[in-house]
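Examining the three-dimensional arrangement
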Amino acid sequence: MARRTTAPTPPRDHTPDLPPRLEEHTGLAPRADVVGAQVALDAGDTDAAHGRIAESRLAAASVGRLDLTGATLTDVVVTDLRAVELVSRDGTWRNVVVEGGRIGTLDALRAGWDGVTLRSVRIDYLSLPSAALGDVRIVGCEIGTLDVPEARLTRVRFDDARADEVDTRGLRSTDVDLTGLEALSFTDPRGLAGAWLSPRQSELHAASFAHALGIRIAP
């Protein structure tokens, strides 16, 4: 008989491995290959699509649109980024920490995140449709809308995080710990199958869960 699981498997630790000394580097460009750098972003818009950034740190910056479409980030730390829009569609992030700052829209359609931590970031719109997330931690973040329709989440954990609305349509979850996420509403509770909630969360959302199952609640 299979052992009954009493808690979700937590994400594995993936701390970015940065060299002790980083070379100063200003700006990013499409298809750029940046390794071992302290990157200072230009104000305004930056197009860094389909590039590679590895073993580097993106310094605190205030930008308009940062385009990382199709880019690969490996062992990267992003600190105090203030951006109107961060686009990372079809991007690959491995061992990445985004800490502090304010992002209007983080568009990660079809992205692949492995060992990513978002910590103390305020994000108005976090869009992850059809993305594949593994060993991801979202800690102390304030999120307006979190969209994960048709996404695949494995060992994803929320701690002291908040979201106004979570779109879970077609979500596939394995060891997803939502007990540390204060969410006002879930678009489709059926997408929570396989995820973990606290008893308090279950009680708060009981009516919407019942409605999704076709259960009628008497007045």
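Figured I'd write up the structure that's included with this text. (Residues numbered from 1 in each chain as written. Predicted model: local features only at pLDDT ≥ 70, side-chain atom pairs only at ≥ 80, totals over all residues. Heavy atoms only, no water.)

**Some words on the overall build of the protein**
When helices and strands are counted, the protein shows 2 helices and 17 strands. Its C-alpha atoms give the protein a radius of gyration of 18 Å, within 12% of the compact-globule value 17 Å for 219 residues. Along the three orthogonal principal directions, the C-alpha set of the protein runs to about 65 × 40 × 25 Å. Contacts in the protein between residues at least 24 apart in sequence constitute 9% of all its contacts with a sequence separation of at least 6. Total accessible area on the protein is roughly 11000 Å²; 48% of this is exposed by carbon and sulfur atoms. (Helix = DSSP H or I, 4+ residues; strand = E, 2+ residues; numbered from the N terminus. Rg over C-alpha atoms; globule rule 2.2 N^0.38 Å. Contact = heavy atoms within 4.5 Å. Areas by Shrake-Rupley, 256 points an atom, 1.4 Å probe, with all protein chains shown as cover.)

**Examining the side chain of D67**
Mapped onto the elements, D67 comes out in strand 6 (residues 61-67). Not counting chain neighbours up to four residues away, the residues in contact with D67 comprise T46, D47, A48, A49 and V87.

**Side note on the nonpolar core**
Formed by 55 residues in total, the largest nonpolar core has its most connected members in L41, L68, W93, W113, L118, L126 and L128. Per element, the largest residue contribution to this core is 6 residues, and it comes from strand 7 (residues 72-87). Those residues in contact with L68 that lie beyond four places of it in its chain are A48, A49, I53, L73, L86, V87, S88 and W93. (Core = buried A, V, L, I, M, F, W, Y, C linked by side-chain atoms within 4.5 Å. Buried < 20%, exposed > 50% of the residue type's maximum accessible area, 1.4 Å probe, protein only.)

**Points about the pattern of salt bridges**
All chains considered together, the criterion is met by 15 salt bridges. Linking E99 and R119 is a salt bridge whose minimum nitrogen-to-oxygen distance equals 3.8 Å. Note that E99 is positioned in strand 8 (residues 92-107) and R119 in strand 9 (residues 112-119), a separation of 20 residues in sequence. Among the residues examined, E99 registers a relative accessible area of 33% and is labelled partly exposed. When salt bridges that share partners are traced, they join R12, D135 and R155 into one network. (Salt bridge = Lys/Arg side-chain N within 4 Å of Asp/Glu carboxyl O.)

**Things to note about empty space enclosed by the protein**
Applying the stated rule across the entire model yields 4 cavities of 30 Å³ or more. Volume-wise, the largest cavity comes out at about 80 Å³. Lining the largest cavity, in full, are L146, V148, L153, F158, V166, T168, L171, V176, L178, L181, F186 and L192. Of all elements in the fold, only strand 13 (152-159) and strand 16 (181-186) reach the threshold of two or more residues within the lining of the largest cavity. Taken together, the residues of the lining of the largest cavity sort by class into 11 nonpolar, 1 polar and no charged. (1 Å grid on protein atoms, 1.4 Å probe; cavity = no way out; pocket = protein on both sides within 12 Å on 5 of 7 lines; lining within 4 Å. Points joined across faces, edges and corners; volume = space filled by probe spheres on them. Nonpolar A, V, L, I, M, F, W, Y, C, P; charged D, E, K, R; others polar.)

Don't take any of this as a statement about function, it's just geometry.
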